[in-house]
Amino acid sequence: MAEMALLKQRKQRVCDMIDQESEKLYVLSQDIWKTPELAYKEHTAHQLLTSFFSSRAWEVQAHYHLDTAFRAQWTSEATDSPCLHVGFLCEYDALPDIGHACGHNLIAEVGAAAALGLRGALESVQPPRQVKITVLGTPAEEDGGGKIDLIKAGAFEDMDVVFMAHPAQGDAAYLPDVAIHDVTVKYYGKASHASAYPWEGVNALDAAILAYNNVSVLRQQMKSTWRVHGIIKNGGVKPNIIPDYTELEFYLRAPSLKELYNLQAKVYACFNSAATATGCKVELSTSSYDFYEVLPNKTLGSIYLENGNQLGIQFVSLDKGINTMAGSTDFGNVTYEVPGLHPYFYIGSKTFNHTAEFTEATGSEEAQYYTLRTAKSLAMTALDVIFNPDLLERIRQDWKMAKEMEDIPSGIDKHRDLNCRAGCSSFHIKNTTE
Ligand SMILES: NCCC[C@H](NC(=O)CCN)C(=O)O
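Just so it is clear, the structure is predicted and the values come from calculations on it, not from any experiment.

A.B. asks: How would you explain the overall build of the protein if you had to name every residue and give the values?
C.D. replies: Helix and strand content of the protein: twelve helices and 13 strands. Computed over the C-alpha atoms, the radius of gyration of the protein is 23 Å, within 12% of the 22 Å expected from 2.2 N^0.38 for a compact globule of 434 residues. When the backbone C-alpha atoms are referred to their principal axes, the protein occupies close to 90 × 45 × 45 Å. Going through the 434 residues of the protein one by one, you find that 56% of them count as buried. Counted over contacts in the protein with a minimum sequence separation of 6, partners at least 24 positions apart contribute 81%. Within the structure as shown, the protein displays about 17,900 Å² of accessible surface, and the carbon and sulfur contribution to it stands at 53%.

If you want it as structure tokens, here you go:
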């Protein structure tokens, strides 16, 4: 009974610490929200977050493998037992034109608040083993995949468990974030006067339209859980010039890597056949890593649900509440490296991510109560793992089983791009410091 009372006291300490910092945390997320920055260009957010942690006696490494990534660390007193390493991730990239329409300013705030709360609890009571808390600033989730750059740089190597949380229309401990492959399709034809001698031209717009329509007819044979969506970024310059260049961008998604690979081959056939039919050349390329699906972890999810319920969170079940089909996130790749938890949290608005209305909601004061409540639930979950060694073993078992369920097609290098196997002509990642 004493142990339970003690744990309850520590969890209260987490909440008290976060409440004490609520003002500063709100200013932090507001300052990020007010200066929306795109993937790999989050210079202001990087500066705000590194200053935030430096001023609170964390060991901070700015420009950590990426110009706009950082690492902030704190370690408790050494004990005879092996150190337990907990990670909290901060995202802070915005979307073009509509700013923080996915609430990454709040993701950063949740990560920072949870880390402060956990440290506060551990400073007030000696944990049974040494604990290292790492806050990782992970840029470029919406475009590129900064977490994957950091995986390749070894940033997750000795972590035992990692947490983050994402704003949504309700609270869910887990949503099936799916695997995604981004591809840019370029068609090269031959210009000619469209009226005087069109027969001399090779029409790149015809190729683009055919490609789009090929995908449209493919849909009848696609699984209901597959997604393919795209835009025509360049369709030509003048009606009287046969377009000699067109460009499209597509996202392909599937619940697992294996299915994504299958879907990719079908969609690439749509792109390539449009080139054949029109006589154009085609180039398929990507500037983003493939994101893997988020592996669920039953044990972490159930501890989080328990802590969230204690704080009054009304979780929605997968089949009733918020959309059972989520988007994608590079946190999925992280869950292949280390057991992780990526819940979704209500911010006081039923509007949808990636809309101007959601941008307004993520910058509102009303979002603060829900944001800090989520941070408290995450930190309390980490506390349970620290003070109950059996949980860590169960978490690891869940993780091993989840990974075994997903047999990545052989020959695919982890975190390499699937393009290497499916005829993509080039693969380049922007703005890394290496
Ligand atoms: N090119 C990757 C797009 C990722 C994007 N992620 C989300 O919306 C999740 C929340 N940021 C997506 O379209 O799923």
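Having seen the model, we can carry on.
A.B. asks: Describe the site of the ligand, naming the residues involved and giving the relevant values.
C.D. replies: All residues adjacent to the ligand are C102, H104, E141, E142, H166, D182, Y251, R253, F291, G327, S328 and H354. Taking R253, its side chain carries an N or O atom lying 2.7 Å from an oxygen atom of the ligand.

A.B. asks: So what about the pairing of strand 7 (residues 179–188)? Which residues, and what values?
C.D. replies: On a regular strand, each side chain points to the face opposite its neighbour's, so the side chains alternate between the two faces of the sheet. In terms of burial, strand 7 is a largely internal element, eight of the ten residues being buried. Relative to strand 10 (residues 281–286), strand 7 is paired through five bridges, and the arrangement is antiparallel. Within strand 10, the residue paired with V185 across the bridge is L284.

A.B. asks: So, the packing of helix 3 (residues 43–54) against helix 4 (residues 104–124): which residues are in play, and what are the values?
C.D. replies: In the contact formed by helix 3 and helix 4, the axes pass within 12 Å of each other and the chain directions differ by 10 degrees. Classified by the angle their axes make, helix 3 and helix 4 are roughly parallel. Mapping the contact onto sequence places L49, F52 and F53 in helix 3 and A108, A112 and L116 in helix 4. Looking at the contact of helix 3 with helix 4, its residues break down into six nonpolar, no polar and no charged.

A.B. asks: Can you lay out the pairing of strand 4 (residues 131–137) for me, pointing to particular residues and giving the numbers?
C.D. replies: The buried count for strand 4 comes to six of seven residues, which makes it a mostly enclosed element. Summarising the sheet, strand 2 (residues 70–75) and strand 4 pair through six bridges and their orientation is antiparallel. The partner of Q73 across the bridge, within strand 4, is T134. Where the polypeptide runs from strand 3 (residues 84–90) across helix 4 and back to strand 4, its parallel neighbour, the crossover connection is right-handed.

A.B. asks: Could you give an account of the nonpolar core, with specific residues and numbers?
C.D. replies: If you look at the biggest cluster of nonpolar residues, it comprises 64 residues, and the most contacted ones within it are V86, F88 and L118. Those residues within four positions of V86 in sequence are excluded, and the remaining contacts are L118, V131, K132, I133, T134, V161, F163, A382 and I386. By size, the runner-up hydrophobic cluster in this structure holds 32 residues, among which are V185, V228, L248 and A254.

A.B. asks: Give me a nonpolar patch on the surface: which residues, what numbers.
C.D. replies: A contiguous nonpolar surface patch, about 240 Å² in accessible area, is contributed by I209, Y212 and I232. By the element assignment, I209 lies in helix 6 (residues 204–218).

A.B. asks: Lay out the confidence of the model for the protein with the relevant residues and their values.
C.D. replies: Summary statistics for the protein give a mean pLDDT of 92 and a share of 91% for residues scoring 70 or more. Counted against residues more than four places away or in other chains, residues 417–423, with its pLDDT under 50, gives 26 contacts. Within the model, the stretch residues 427–434 combines pLDDT values under 50 with 26 contacts to residues more than four positions away or in other chains.

A.B. asks: Residues and numbers for the pattern of salt bridges, please.
C.D. replies: Once their charged atoms are close, side chains differing in charge can pair, the charge on each being opposite to the other. Evaluated as defined, the whole model comprises ten salt bridges. In this structure, the salt-bridge partner of R56 is E21, at a minimum N-O distance of 3.1 Å. Within this pair, whereas R56 is found in the loop between helix 3 and strand 1 (59–61), its partner E21 is found in the loop between helix 1 (2–20) and helix 2 (22–34), the two being separated by 35 residues in sequence. Under the relative-accessibility criterion, R56 is labelled buried at 18%. Through salt bridges with shared partners, one network takes in E91, K147 and D330.

A.B. asks: Can you break down the packing of helix 6 against helix 7 (residues 257–278) residue by residue, with the values?
C.D. replies: Two numbers describe a pair of packed helices, the interaxial angle and the distance between the axes. It is the contact of helix 6 with helix 7, at a shortest axis distance of 8 Å, that shows an interaxial angle of 145 degrees. For the crossing formed where helix 6 meets helix 7, the hand is right-handed. Along the contact surface, helix 6 presents D206, A207, L210, A211, N214, V215 and L218, while helix 7 presents K266, V267, C270, F271, S273, A274, A277 and T278.

A.B. asks: Now, about the sheet that holds strand 2: what can you tell me, with residues and values included?
C.D. replies: Taken together, the six strands give an open sheet; going across it, the order is 1-2-4-3-5-11, and neighbouring strands pair in mixed fashion. Across the chains shown, the open sheet's two edge strands, defined by having one partner strand only, are strand 1 and strand 11 (340–341). Pairing analysis gives two bridges linking strand 5 (residues 161–163) to strand 11, with the strands arranged parallel. Its bridge partner being in strand 11, F163 is matched across the sheet by L341. Taken strand by strand, helix 11 (residues 366–387) contacts strand 3, strand 4, strand 5 and strand 11, and its axis lies near 165 degrees from that of strand 3.

A.B. asks: Account for the side chain of T246, with residues named and values stated.
C.D. replies: Following the sequence through the fold, T246 ends up in strand 9 (residues 245–254). Within the structure, T246 has its side chain in polar contact with the backbone oxygen of A204 (distance 2.8 Å). Dropping the residues within four chain positions of it, T246 is found in contact with V185, K186, Y187, A204, L205, A208, N234, G235 and G236.

Rules behind the numbers
Residues numbered from 1 in each chain as written. Predicted model: local features only at pLDDT ≥ 70, side-chain atom pairs only at ≥ 80, totals over all residues. Heavy atoms only, no water. Helix = DSSP H or I, 4+ residues; strand = E, 2+ residues; numbered from the N terminus. Rg over C-alpha atoms; globule rule 2.2 N^0.38 Å. Buried < 20%, exposed > 50% of the residue type's maximum accessible area, 1.4 Å probe, protein only. Contact = heavy atoms within 4.5 Å. Areas by Shrake-Rupley, 256 points an atom, 1.4 Å probe, with all protein chains shown as cover. Near = heavy atom within 4 Å. Polar contact = N/O pair within 3.5 Å; in protein donor to acceptor, adjacent residues only side chain to side chain. Pairing = 2+ DSSP bridges. Axes fitted to C-alpha atoms, helices over the stretch in contact; angles between N-to-C directions. Parallel < 35°, antiparallel > 145°, perpendicular 65-115°, else oblique. Nonpolar A, V, L, I, M, F, W, Y, C, P; charged D, E, K, R; others polar. Right-handed = clockwise from strand over helix to strand, strands pointing away. Core = buried A, V, L, I, M, F, W, Y, C linked by side-chain atoms within 4.5 Å. Patch = residues over 30% accessible without salt bridge, like charges linked within 9 Å, V, L, I, M, F, W, Y side chains within 5 Å. Salt bridge = Lys/Arg side-chain N within 4 Å of Asp/Glu carboxyl O. pLDDT = per-residue confidence, 0-100. Left-handed = near helix turned anticlockwise from the far one by under 90°.

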